[in-house]
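# Structural overview for review
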Amino acid sequence: MRSRDFDLDFRDRAGRIRTWGLVLLSLAAVLWVWVGVLLLTPYTADRKPDDKYPDECESRLFTEWSTANEGKGHGDYCQQERDWPEVLGVLGLSVPISVAGGSLFTIGTVTRRMSAHAQAMRDLDKLADTAGT
């Protein structure tokens, strides 16, 4: 295999690695949006199964009357409907995905740049050799 073919194949693999990094970063962004929706949107809670008039609940983050933490003791059904473990689980899942995506994207980008730099250096050496002789 000639060096040019090897270099092009090397850059191709680096591009695929970078693309996988972008895909993982996009997935992590979707998970962050999901966490935002879980924290910021109001929701409803059923008092009993198939409740026709469910309780309207404030968002988890901006609750004024402590429905997120103390509501069950006061007869409020909002407290159990949107659990914190779900939010923390989605947030926890996004961390390794974003780390892996950022790492792959960085590796792919740096690999392509170093390959391009090495090719430019070889071209400059060839130009200097032909100009010197």
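Before reading on, note that the structure itself is shown above.
One structure accompanies this document, and this report is about it. (Residues numbered from 1 in each chain as written. Predicted model: local features only at pLDDT ≥ 70, side-chain atom pairs only at ≥ 80, totals over all residues. Heavy atoms only, no water.)

## Here's the deal with the overall build of the protein
- A count of helices and strands for the protein gives 3 helices and 2 strands.
- Going residue by residue from the N terminus, the α and β elements of the protein occur as α-β-β-α-α.
- Summarising the internal contacts of the protein: among those between residues at least 6 apart in sequence, 57% fall at separations of at least 24.
- Summed over all atoms, the accessible surface of the protein reaches about 9,700 Å², with 62% contributed by carbon and sulfur. (Helix = DSSP H or I, 4+ residues; strand = E, 2+ residues; numbered from the N terminus. Contact = heavy atoms within 4.5 Å. Areas by Shrake-Rupley, 256 points an atom, 1.4 Å probe, with all protein chains shown as cover.)

## Some points on the packing of aromatic side chains
- Overall, the coordinates contain 1 aromatic pair when judged by the stated rule.
- Both rings, one in Phe-6 and one in Phe-10, keep their centres 6.3 Å apart while their planes meet at 25 degrees; by these two values the pair is stacked. One end of the pair is Phe-6 and the other is Phe-10, both in helix α1 (residues 3–40) and 4 residues apart, which spans about a single turn.
- Its relative accessible area of 32% is what places Phe-10 among the partly exposed residues. (Phe/Tyr/Trp six-rings, centres within 6.5 Å; stacked < 30°, edge-to-face > 60°. Buried < 20%, exposed > 50% of the residue type's maximum accessible area, 1.4 Å probe, protein only.)

## Considerations on the pattern of salt bridges
- The final tally for this structure, using the stated rule, is 3 salt bridges.
- With its nearest N and O atoms 3.1 Å apart, the salt bridge here joins Asp-7 to Arg-11. Of this pair, Asp-7 and Arg-11 both sit in helix α1, 4 residues apart, roughly one helical turn.
- Note that Arg-13 is salt-bridged to Asp-9, the shortest N-O span being 3.6 Å. Here Asp-9 and Arg-13 lie together in helix α1, a separation of 4 residues that amounts to about one turn.
- Overall, the relative accessible area of 34% leaves Arg-13 in the partly exposed class.
- Accessibility expressed as a relative area gives 33% for Asp-9, which makes it partly exposed. (Salt bridge = Lys/Arg side-chain N within 4 Å of Asp/Glu carboxyl O.)

## A look at the side chain of Ser-115
- Looking at the secondary structure, you find Ser-115 in helix α3 (residues 84–132).
- When residues no more than four places from it in sequence are discounted, the contact partners of Ser-115 are Asp-7, Phe-10 and Arg-11.

Just distances and angles here, no functional claims.
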